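Chains, contacts and geometry: an overview
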Protein chains: 2
Amino acid sequence: MAETTRDHAHSAAPSPHSAVVDPSVIARLRAIAGDANVHASPDEMHGHSLDIGPFTTRGVAVVFPGSANEVSRLVRVAADAGLAVWTVSKGKNWGYGAKMSNENGALILVLERMNRILEVNEELAYAVVEPGVTYGQLNAHLESLGHKLWADCTDSTPHASVLGNALERGVGTTAYADHFGALCGMEVVLASGALVRTGGGSADSRARHTYKWGTGPFVDGLFSQSNLGIVTSAGIWLMPAPEAMTLFGCNVDRDEDVPAAADALRRLSLAGVVQPNVHISNDVLVLANLVQYPYDRLRGETRMPPSLRAELRREHMIAPWTVIGAVYGDRARVANAEREIRRAFRGLGRVEMIGRRKLALARAALAPWRRGGRGSLADRIFRRVAHSSLERTEALQHLHATFRGVPGEFVVSFPYFKNRRYAHRSERPLVDVDPARDGCGMTWAVFACPITARDTRDFLACVRPIVERHGFDFSMSLLTINARTFYALLQFFFDRDDPDESARVRGLYDEVLDAAPRHGFQQVRASIASYDRLLEHAPDYAALVGALKRALDPENVLAPGRYGVGR
Amino acid sequence: MAETTRDHAHSAAPSPHSAVVDPSVIARLRAIAGDANVHASPDEMHGHSLDIGPFTTRGVAVVFPGSANEVSRLVRVAADAGLAVWTVSKGKNWGYGAKMSNENGALILVLERMNRILEVNEELAYAVVEPGVTYGQLNAHLESLGHKLWADCTDSTPHASVLGNALERGVGTTAYADHFGALCGMEVVLASGALVRTGGGSADSRARHTYKWGTGPFVDGLFSQSNLGIVTSAGIWLMPAPEAMTLFGCNVDRDEDVPAAADALRRLSLAGVVQPNVHISNDVLVLANLVQYPYDRLRGETRMPPSLRAELRREHMIAPWTVIGAVYGDRARVANAEREIRRAFRGLGRVEMIGRRKLALARAALAPWRRGGRGSLADRIFRRVAHSSLERTEALQHLHATFRGVPGEFVVSFPYFKNRRYAHRSERPLVDVDPARDGCGMTWAVFACPITARDTRDFLACVRPIVERHGFDFSMSLLTINARTFYALLQFFFDRDDPDESARVRGLYDEVLDAAPRHGFQQVRASIASYDRLLEHAPDYAALVGALKRALDPENVLAPGRYGVGR
């Protein structure tokens, strides 16, 4: 392995070594994937090294293989050349690294050309897809089949990979929100070049994509958040379109009630009334969706003071914390769930239920009111009648689609929040939203937090002071990944054009990643800049996965160090 | 490794080599576990080699360690001595091998002394238990805490291990029926002796037992149906006691309607109306619960002819196929589920709903009617009013408990069916039921079958003729393990005192295990006699798990060949 080409994502700038690769290697890559599918020029490599986080690495080439067979051969070429192979499906993992490797000098594989929907089984409600298949593509395909099945999606871009997100253990917005949990039956290329079908059954096992655990050891988990193989196709369970659905919301008006909201939510989740797709977002995150950062209203502060946040909340009619979720089922079950939710959140804030009819009404009402503009009579009437601002109501419309598994580009523009190149929310792109291309600054950190009042309170007490001490706005959401656990997700917005802020956000990031685990909050999804210390609290586990890595990839060719494995 | 001590479970009798072990090894085992916790005498070893299946092996010693630390040291002693280590939790895996290894000459570890309930978290609804904790013990403990939480159980013995069953991927009888799916956060002893906590977080990670996938590769699956480590404790999710519950049943009166019942069930399952704990059992299996085998009514046949089965069905008021399941939730949800179930099964047979009230009524009514005996006026009235025989009604009472997670010993006596030492059902033990001790004959084979009409029809068409051609009664059940998949479970009852039948059942077993995978039905739980060919249809997967085995257990000390791994 060419150690000289390696340095870490910690360095803000790519190493000068990073572009050094023998031209004969590039020729071999081109011979496998085709000339057009190998990018190696400085301009191309620059374009593939864009993300919104405060870290950058650069690979030696980006290859777009067309098949598992090509993937297998490319891995062997890389191994021969001493190059690390870093694989992404689409590279839309914004804020975690996008297409970038954790180290300079890697060969980047982007699997977006492998975008076949290999099967949709309507009866058993699953699809088999390749890594290049996007949420938008799968959704459109299911729609063309009559939309009897829903694919879960995230509130990120429709151009993201279904499998890529699931393998990173992303969380979505329907009853099938646990994306890794919905995977069933994989095909994987190992570092040796071997192609493996998981599940322990024959190629024509009928339950290959209906029964997850298979026969013998369950190995699929090894290929999630890891570098032990490259998944080239997988089954994913789909949700039969329910008879009814209601989007529900609760405005929690006091910070100190968030822990109680967590308790209410856990009871509902454990009782099976709500599915694990509930989001609790604070005001800053909601504002990031609705407006540009109020730079002009700051008085020398580097973050919004509480009074300004309160003003903005009033202007946009949002609460300090907003609970959003959706319930599905037959009409009687949904109606029953609505009752239970109202009961559970009683006393914590205003609960609203948005069914299809209410949604259509709001949509029809929005257009004329919108023409009046903020502060107009029409706007004031709308706010009085709807208990919501126009922009908030519009956001709910988009969320309603997302919670039906229909991906959109509205929510994913929130990383534009502190981007000074955009003076108004309305200047953000409506389609082809790409915060990495557009110079936005944001990174994430996400921790597992049990859904209890105590754990929620402790988490807030642990991280909020750190964020504020570093002079940043505290933005966060709590996403239920199962009935017992939140993904506690912090967004660190920064102005990427401001070198001081870019440097400071890195300090904040490191301190949060250090503090949260010491308080018992385990980081559950990691950026390329956080792998080095990720498993330091679990040395026995790190040794185990290290042994697995040496067994399956003795040359350490696949993404060395990814998720702390095989460093 | 002492190869001479190894021969396979295929041999019906233990090898004479099996008892050969150096006395100094036994002394070292005793020094670790204590004299009383090491069994090595021929009598003791005989007692530990009892099961109900047609295969027997014998170990060199059985050790009952008291802690993970002792397990770790015992493994190293075995490795030094060239002994294979075969581990069971309680050894109640009747019909699959019980306490027996797949090969003679192993050191058997029985973890039953490690029976601490380490934690019950009432808020987050989980327990952390050691392998020796039984269903009965966990249930009693939860009852002592006010029964706010239910542990799932099986319809096997209350003395079986909660973890043992989950690691074998057993299926239960509440909404948490996917037992492996309910495990969260393990502690494992590796062949090296190292103790590993899974999950990738710190020891005090708050989500250790609430969030299954953890950080980095998910490895817990490696320790299920495998020989890659010995699980010494694990978290298991518990079900909050629901407000309401109804046991439902449907009598399917025609064989040809079973596929349609599968379709109806899949739709209910995918819609979330019923949970994955529905059992569809055929008449032979139900009869095995209710009566002794009608040897006296056979006319030279080796199996019950259709006319006799029909007679027995009439006498006991059972259907050719019986669907049993339970729904849980708040009252409104359960009432709604009852309506949906009635609608789904309409036209397939009589549907009955048994709530708590109906259950109490039946219980009160049973005693006086029972005194009258079969054929009495009381009996005839009961049958007319209840649409059920006394014995069937009694069985439903027991099932109702099981579907609440309360384990009992009624159902598990079905392997006594063909045991000629018992003339009447009433002679079977009521407590401490132990079909292995009592000389019963039965083995199992279980395959994954998607829940569709077509797959169900194909499965029956594949296996039924084989069973009947071999001269055995076709007994089976379809258990939903998730919304898309049945465990298709075949019971091969035989008279273990009849050498001819014992030999013939072995031929039947082998033919079914050969035929079903060729028709796309993957075996999903295996007996010690079926490991050799288990992965032959999945050579790439077998190579992968073989590599993992060599990495984690280079000396091949842990259960070589278990589930086809590391042969």
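It should be emphasised that the depicted structure is a prediction, and the values quoted were computed from it without experimental measurement. (Residues numbered from 1 in each chain as written. Chains lettered and ligands numbered in written order. Predicted model: local features only at pLDDT ≥ 70, side-chain atom pairs only at ≥ 80, totals over all residues. Heavy atoms only, no water.)

**Some thoughts on the pairing of strand β8 (residues 183-189) of chain A**
All names here are of chain A. For β8, the tally of buried residues reaches 6 of 7 residues, placing the bulk of the element in the interior. Here β8 runs beside strand β10 (residues 230-237); their pairing, made up of 5 bridges, is antiparallel. The partner of V189 across the bridge, within β10, is I230. By the bridge criterion, 3 bridges tie β8 to strand β9 (residues 195-197) in an arrangement that is antiparallel. Its bridge partner lying in β9, E187 is registered against R197. Hairpin geometry of β8 and β9 is characterised by an intervening segment of 5 residues between the two adjacent antiparallel strands and by a positive phi of about 95° at G193. (Buried < 20%, exposed > 50% of the residue type's maximum accessible area, 1.4 Å probe, protein only. Helix = DSSP H or I, 4+ residues; strand = E, 2+ residues; numbered from the N terminus. Pairing = 2+ DSSP bridges.)

**Describing the sheet that holds strand β12 (residues 244-252) of chain B**
Residues and elements named next belong to chain B. Pairing in this open sheet of 8 strands is antiparallel, and the strands run β15-β12-β14-β13-β17-β18-β16-β19 from one edge to the other. At either end of the open sheet lies a strand with only one pairing partner, and these are β15 (349-354) and β19 (523-525). Between one strand and the next, the sheet's axes are offset by a mean angle of 25°, whatever the strand orientation. As defined by bridge partners, strand β16 (residues 442-450) adjoins strand β18 (residues 485-493) across 9 bridges and the pair is classed as antiparallel. Note that in β18 the partner of C449 across the bridge is F486. Most of the contacts of helix α12 (residues 390-402) go to β12, to which it runs at about 140°, and overall it touches β12, β14 (321-329) and β15. (Axes fitted to C-alpha atoms, helices over the stretch in contact; angles between N-to-C directions. Contact = heavy atoms within 4.5 Å.)

**Points about the packing of helix α9 (residues 331-345) of chain A against helix α9 (residues 331-345) of chain B**
Helix packing for two helices is described by the angle between their axes and how far apart those axes are. Relative to each other, α9(A) and α9(B) sit at 180°, their axes nearing to 10 Å. The angle between α9(A) and α9(B) places the two elements in the roughly antiparallel class. Side by side, α9(A) and α9(B) meet where A:A332, A:R333, A:N336 and A:R339 of the first sit next to B:A332, B:R333, B:N336 and B:R339 of the second. Here the contact of α9(A) with α9(B) is built from residues that sort into 2 nonpolar, 2 polar and 4 charged. (Parallel < 35°, antiparallel > 145°, perpendicular 65-115°, else oblique. Nonpolar A, V, L, I, M, F, W, Y, C, P; charged D, E, K, R; others polar.)

**Details of the environment of B:A61**
Residues and elements named next belong to chain B. Structurally, the position occupied by A61 is in strand β2 (residues 61-63). By relative accessible area, which is 0% here, A61 ends up buried. Through-space distance from the C-alpha of A61 to that of S41 is 7.9 Å; in sequence the pair is 20 residues apart. Once you skip the residues sitting within four places of it in the chain, A61 turns out to touch I26, L29, H39, A40, M45, A106, L107 and I108.

**Looking at the packing of helix α6 (residues 258-270) of chain A against α9(A)**
Residues and elements named next belong to chain A. Between α6 and α9, the least distance of the axes is 9 Å, while the angle of their chain directions is 150°. When the axes of α6 and α9 are compared, the pair comes out roughly antiparallel. In the packing of α6 onto α9, the handedness of the crossing is right-handed. Listed contacts from α9 to A261, A264 and L268 of α6 are E340, I341, A344 and F345. Taken together, the residues of the contact of α6 with α9 break down into 6 nonpolar, no polar and 1 charged. (Left-handed = near helix turned anticlockwise from the far one by under 90°.)

**Regarding helix α4 (residues 135-144) of chain B**
Residue and element names in this part refer to chain B. Inspection of α4 places Y135, L138, N139 and L142 among the buried residues, and these make up the whole buried set. On an axial view of α4, the arc spanned by its buried residues comes to 100°, and they lie on one face. Positive backbone phi, at 100°, marks G146, one or two positions downstream of α4. (Arc of directions from axis to C-beta.)

**A word on the packing of aromatic side chains**
Within this structure, the stated rule accounts for 35 aromatic pairs over all chains. Stacked on the ring of A:F180, the Lys or Arg A:K212 has its end atom at 4.4 Å from the ring centre. (Phe/Tyr/Trp six-rings, centres within 6.5 Å; stacked < 30°, edge-to-face > 60°. Lys NZ or Arg CZ within 6 Å of the ring centre and 35° of its normal.)

**A look at the interface of chain A and chain B**
In this assembly, 87 residues from chain A lie in contact with 87 residues from chain B. Carbon and sulfur atoms make up 56% of the surface buried where chain A meets chain B, a total of about 6,900 Å² over both sides. Here chain A is connected to chain B by 6 salt bridges. Two residues, B:R266 and A:E123, come together in a salt bridge whose shortest N-O distance is 3.9 Å. Where chain A touches chain B, the interface holds 54 residue pairs in polar contact (both at pLDDT 80 or more). Here the side of chain A that touches chain B gets 8 residues from one element, more than from any other, and that element is helix α15 (residues 539-552) of chain A. Considering only residue class, the side of chain A that touches chain B consists of 44 nonpolar, 25 polar and 18 charged. (Buried area = accessible area lost by both parts, 1.4 Å probe. Salt bridge = Lys/Arg side-chain N within 4 Å of Asp/Glu carboxyl O. Polar contact = N/O pair within 3.5 Å; in protein donor to acceptor, adjacent residues only side chain to side chain.)

**A closer look at the relation of the copies chain A and chain B**
Rotating chain A by 180° about the axis while translating it 0.0 Å along that axis superimposes it on chain B, leaving an RMSD of 0.0 Å. Such a turn and shift between the copies fits a two-fold axis. In this assembly the copies share their binding face: 100% of the residues contributing to the interface of chain A also contribute to that of chain B. (Least-squares fit on C-alpha atoms with pLDDT ≥ 70 in both.)

**A word on the environment of B:A365**
Within the secondary structure, B:A365 sits in helix α10 (residues 356-372). The sequence separation of B:A365 and B:L118 amounts to 247 residues, and the corresponding C-alpha distance is 42 Å.

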